[in-house]
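Examining the three-dimensional arrangement
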Amino acid sequence: MDSPSLKKKTFRRLLGYIKPYKLTFAIAILGMVGFSAIDTWFFSQIETLIDDGLGKGNSRILFIGGLIVPVFFVIRGLFNVASNYFLNYVGFKVVTRMRQQLFDHLMKVPVSFHDQHSTGELISKITYDTQQVAEATSRAVLVLVKDGAFVIGLLGLMFYQSWQLSLVFLVVGPIIAKIVGIVSKRFRVVSSRIQTAMGNVTTTAEQMINGHKVVVMHEGQKVESKRFAAINNNTRNQNMKLVNTRAISTSVIQFIASLSLSMVLILASFPEMLEKLSPGAFTTLLTAMIMLLRPLKQLTNINSDFQRGIAAAASVFSVLDEPIEVDKGTLLVDRARGDIKFNHVTFAYNQHDEPALQDISFDLHEGKTVALVGRSGSGKSTISSLLTRFYDISDGEILLDGRNIQDYKLKCLRRQYALVSQHVTLFNDTIANNIAYGAAGDVSREDIIKAAEQAYVTEFTDNMPNGLDTIVGENGVMLSGGQRQRIAIARALLQDAPILILDEATSALDTESERHIQQALGALRKDRTSLVIAHRLSTIENADEILVMDNGRIIERGNHQQLLQQEGAYYQLYNLQFSGV
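Here, residues in each chain are numbered from 1, in the same order as that chain's written sequence. Thresholds applied to this predicted model are a pLDDT of at least 70 for local features of residues and 80 or more for the giving and counting of side-chain atom pairs; totals over whole chains, interfaces and linings are not thresholded and use all residues. Excluded from the side-chain calculations are hydrogens and water; all other atoms, namely the structure's heavy atoms, are used.

Going by the annotation in an unreviewed UniProt entry, the name recorded for the protein is Lipid A export permease/ATP-binding protein MsbA, with Idiomarina aquatica given as the source organism.

1. A few points about the pattern of salt bridges
Within this document, salt bridges are pairs made up of a side-chain nitrogen of Lys or Arg and a carboxyl oxygen of Asp or Glu, the two lying within 4 Å of each other. Counted by the stated rule, this structure contains 14 salt bridges. Among the salt bridges present, the one from Arg-337 reaches Glu-366, with a minimum N-O distance of 3.8 Å. Of the two residues, Arg-337 is situated in the loop between helix H12 (279–320) and strand S1 (340–347) and Glu-366 in the loop between strand S2 (357–364) and strand S3 (369–374); the sequence distance between them amounts to 29 residues. For each residue, the accessible area found with a 1.4 Å probe, counting protein chains only, is set against the maximum for its type, and the residue is called buried under 20%, exposed over 50%, and partly exposed in between. Glu-366 sits in the partly exposed class, given a relative accessible area of 45%. The shortest N-O distance in the salt bridge between Arg-528 and Asp-496 comes to 2.0 Å. Note that Arg-528 is positioned in the loop between helix H19 (511–524) and strand S8 (529–533) and Asp-496 in the loop between helix H18 (481–495) and strand S7 (499–503), a separation of 32 residues in sequence. Here Asp-496 falls in the partly exposed class, since its relative accessible area comes to 36%. Taken together, the shared-partner salt bridges in this structure form one network comprising Arg-335, Asp-496 and Arg-528. Helical segments are the DSSP runs of H or I of at least four residues, strand segments are the runs of E of at least two, and each set is numbered from the N terminus.

2. A look at the packing of helix H16 (residues 445–454) against H18
One way to put it is that H16 packs onto H18 with a least axis distance of 8 Å and a crossing angle of 130°. Comparing their axes, H18 and H16 come out oblique. Judged by the twist between their axes, the crossing of H16 over H18 is right-handed. Facing H16, whose interface residues are Asp-447, Ile-448, Ala-451, Ala-452 and Gln-454, H18 presents Ala-490, Leu-493 and Leu-494. Only the contacting stretch of a helix is used when fitting its axis, a line to C-alpha atoms as for every element, and angles between N-to-C directions run 0 to 180 degrees. The labels follow the angle: roughly parallel below 35 degrees, roughly antiparallel above 145, roughly perpendicular from 65 to 115, and oblique for the rest. With the far helix as reference, a near helix turned anticlockwise by less than a right angle produces a left-handed crossing, and one turned clockwise produces a right-handed crossing. Any two residues having at least one pair of non-hydrogen atoms within 4.5 Å are treated as being in contact.

3. Some points on the UniProt feature "transmembrane region" (unreviewed entry) in the protein
The residues that UniProt annotates with the feature "transmembrane region" (unreviewed entry) are residues 21–41, 61–79, 140–159, 165–183 and 247–270. For residues 21–41, helix accounts for 95% and strand for 0%, while the C-alpha atoms at its two ends are 30 Å apart. UniProt positions are given in the numbering used here, feature names are shortened, and annotations may be inferred rather than shown by experiment.

4. Considerations on the sheet that holds S8
Between any two strands, at least two bridges found by DSSP are needed for them to pair. In space, the 6 strands of this open sheet follow the order S6-S7-S8-S3-S9-S10, with mixed pairing throughout. Across the chains shown, the open sheet's two edge strands, defined by having one partner strand only, are strand S6 (417–420) and strand S10 (553–558). Neighbouring strand axes in the sheet, compared pairwise and without regard to direction, differ in orientation by 15° on average. Pairing of S3 with strand S9 (residues 545–550) involves 5 bridges; the strand directions are parallel. The partner of Ala-371 across the bridge, within S9, is Ile-546.

5. Some thoughts on the packing of helix H2 (residues 22–44) against helix H6 (residues 119–161)
At a minimum axis separation of 9 Å, H2 and H6 run at an interaxial angle of 35°. With respect to the hand of their crossing, H2 and H6 are arranged in right-handed fashion. Here Phe-25, Ile-29, Met-32, Val-33, Phe-35, Ser-36, Asp-39, Thr-40, Phe-43 and Ser-44 of H2 come into contact with H6, specifically with Val-141, Leu-142, Val-145, Lys-146, Ala-149, Phe-150, Gly-153, Leu-154 and Leu-157. In this classification, Asp, Glu, Lys and Arg are treated as charged, Ala, Val, Leu, Ile, Met, Phe, Trp, Tyr, Cys and Pro as nonpolar, and every other residue, Gly included, as polar. Grouping the amino acids of the contact of H2 with H6 by side-chain chemistry returns 13 nonpolar, 4 polar and 2 charged.

6. Brief notes about the packing of aromatic side chains
Geometry of aromatic contacts follows a simple scheme: Phe, Tyr and Trp rings, the Trp one being its six-membered ring, pair when their centres are within 6.5 Å, and the pair is stacked under 30 degrees between planes, edge-to-face over 60, tilted otherwise. Taken as a whole and assessed by the stated rule, the structure comprises 9 aromatic pairs. Their ring planes at 20° and their centres at 5.9 Å tell us that Tyr-17 and Phe-317 sit as a pair that is stacked. On the criterion of sequence distance, the pair formed by Tyr-17 in helix H1 (residues 3–18) and Phe-317 in helix H12 is long-range, its members being 300 residues apart. Among the residues examined, Tyr-17 registers a relative accessible area of 5% and is labelled buried. Here Phe-317 falls in the buried class, since its relative accessible area comes to 3%. Between Tyr-349 and Tyr-391, the ring centres sit 5.0 Å apart and the planes meet at 90°, which makes this aromatic pair edge-to-face. You can see Tyr-349 sitting in the loop between S1 and S2 and its partner Tyr-391 sitting in the loop between helix H13 (380–387) and strand S4 (395–400), a full 42 residues away along the chain. For Tyr-391, a relative accessible area of 13% gives the class buried. A connected cluster of aromatic rings, assembled from ring pairs, spans Tyr-85, Phe-86 and Tyr-89. Here the guanidinium or amino end of Arg-13 rests over the ring plane of Phe-317, the centre of that ring lying 4.2 Å away. Two thresholds decide whether a charge sits over a ring: the Lys NZ or Arg CZ must be within 6 Å of the ring centre and within 35 degrees of the ring normal. Positioned above the aromatic ring of Phe-35, the side-chain terminus of Lys-146 is 4.4 Å from the ring centre.

7. A word on the pairing of S7
Within S7, 5 of the 5 residues are buried, which leaves the element mostly enclosed by the surrounding structure. Both S7 and S8 contribute to a ladder of 5 bridges, which runs parallel. Bridge pairing in S8 places Leu-502 opposite Val-532.

Shown next as structure tokens:
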């Protein structure tokens, strides 16, 4: 799609956000037109004041004019307040709705979309880009209507006084329009670059803040500072390009307008013209022409605001147009039995990449435990991501209770799993609310306490002043890795799903905590299907079957004793871990 078509489509779509507030928007427009009409009327009275008031010595006209001026400014002020208030009301309503849509949509897009976009970039779209839409377009509309109406009013006044002299101003119109068209393209390009640059600023800042400990430990302050300085400077450069384009175009347009003003003065010097114009009429005409320069400048400048708003809207719409997760399933079950089957499953994260899993087949029967072991990058965690349909397989099929997992509604499917990952996500809320997060239906305080006790969360919360009502900070920053993982396990316990996925669930626990957790998980695994991804082999010795993975393939399978007797890859891993014991 070419740029003008994209611009028109974006603009029409943006207008759709204003539709619910069209009455409020209409009041704002009336306020702007009223404001400009009052100003135009004020200038139209100059001829009367000069010719009749001063020229003929009519003091009554001057006296009445003195009484009217305050009233005129009160009415003008009311129009100004109405236009600004209602226009900004609509603008903030639009940006609020757009932000909410963007936030909601980012929760519906596939995990693969988040893999390809940095958090900082997406946060920038929610915060900066949406704000630009509101600010830029609101200012553009305000100037376009208010100053546009003022220009029309002043031109009408000029033609009323002398249509011959006023025609000069119309000659420069096409020239100005051509300049504005050329500048518009430049504004669009630079505005789009500014959106990208701001996303890079947010991304770089977020990475430094999240990785602050790593930066300090590895003395990376200078490297990060240089990286941020380069990105920050690029943002400055792009903004300066916008400022320069605006300043040059405004100066050129004003120069062209001044030439027309000069031509009017020269033409007015001819005796034929002087005879037709009274002092008041000529003063009115000259004042209107001079006053035209300011709104013309404003109308030129709003082009950059408008283009910035359109570029920001296009950036937001590009995310809103991203397809959401495919959910064609119709099957709904309250609680699955938990019988899982992988049939010749092959999967690659990207179409042209090497497969992360190749021809994977295994059965995980109801109530049994299957453990996955292997080196990092062997495909263990990928299997759990496919079960929950964070990604869809390239080939083969995955069955749950004999039905393809794609037959299930996504929400229903994911309710069947309790996932405890090595990467624990906690919200800036209380420990109790983090444990209860995502639990089906309402849970009582007693249920939360029971889950906390089973996961040995109460061992550390009992020593906290607020206990389970302690705020954990952003992503549990106030807690240790082991404490965060115990909260995640308590969350899984409370969820009471028929299938457990434990992805390095005890990786951040000390030996004593791990022993407690293994007891809790052992009780939890009774009558439940469990898929355990483990690095510590001691945690999966009692698994019904162990699958040893390497390069996306299953290279060995069997229980603990069988695999040791084979003296293969598992035997080597076991000896490597326990050789120092």
